Amino acid sequence: MAKTLTPEERATALADLPDWHAVDGRDAIARSFTFQNFNEAFGFMARVALVAEKMDHHPEWTNVYGKVDVVLMSHDAGGVTDRDIRLAAAMDRIAADFPM
């Protein structure tokens, strides 16, 4: 099982992920992605799904038209771990391939 990050470790990691933020009341991080249309949002989600499956780490997310809201936490560890930070960074890289 992965180790949850300390508040200091999480703050340091989030400094490199400026569009992500802590979720109030949960040991989790979140971000919203806004795309030009549903096709781009779904394409983003499909690409992230492949990465998440390889990591065996799956996001909580919702999609409405061109918007994808994401919450990341490691349920088996009960909070934010390095896996969440790595998946958040991968999502940012994938999103960069889409005009937003």
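The structure reproduced in this document is the subject of the present report. (Residues numbered from 1 in each chain as written. Predicted model: local features only at pLDDT ≥ 70, side-chain atom pairs only at ≥ 80, totals over all residues. Heavy atoms only, no water.)

**Notes on helix α2 (residues 38-55)**
- Taking 1.5 Å of rise per residue, 18 residues should cover 26 Å, and α2 covers 25 Å from first to last C-alpha, within 8% of that figure.
- Taken together, the buried positions of α2 are E40, A41, F44, M45, V48 and A52. The buried residues of α2 all sit within an arc of 130° when viewed along its axis, so they share a single face. More than 90 degrees from the buried face of α2, the exposed residues found are N39, F42, L50, E53 and K54.
- Packing partners of the buried residues in α2 comprise β2 (29-34), β3 (60-64), β4 (67-72) and α3 (82-95).
- Backbone nitrogen of N39 and a side-chain oxygen of the N-cap are separated by 3.1 Å at the start of α2; the cap is N37.
- Downstream of α2 by one or two residues, D56 has phi in the positive range, about 55°. (Helix = DSSP H or I, 4+ residues; strand = E, 2+ residues; numbered from the N terminus. Expected span 1.5 Å × (residues − 1). Buried < 20%, exposed > 50% of the residue type's maximum accessible area, 1.4 Å probe, protein only. Arc of directions from axis to C-beta. Contact = heavy atoms within 4.5 Å. Polar contact = N/O pair within 3.5 Å; in protein donor to acceptor, adjacent residues only side chain to side chain.)

**With respect to the side chain of R10**
- If you trace the backbone, R10 turns up in helix α1 (residues 7-15).
- With relative accessibility at 19%, the residue R10 sits in the buried group.
- Sequence-distant contacts of R10, defined by excluding residues within four places in its chain, comprise L5, R26, D27, A28, I29 and V80.

**A look at the environment of A96**
- Mapped onto the elements of the fold, A96 is located in the segment after α3.
- Along the chain, A96 and F44 lie 52 residues apart, while their C-alpha atoms are 9.9 Å from each other.

**Things to note about the packing of aromatic side chains**
- Counted under the stated rule, the structure contains six aromatic pairs.
- Ring geometry for F33 and F44: centres 4.7 Å apart, planes at 40°, overall tilted. Residue F33 is located in strand β2, and its partner F44 is located in helix α2; the two are separated by eleven residues in the primary sequence. As far as the burial class goes, F33 and F44 line up, both buried.
- Counting every residue linked through ring pairs, the aromatic cluster contains W20, F33, F35, F44 and F98. (Phe/Tyr/Trp six-rings, centres within 6.5 Å; stacked < 30°, edge-to-face > 60°.)

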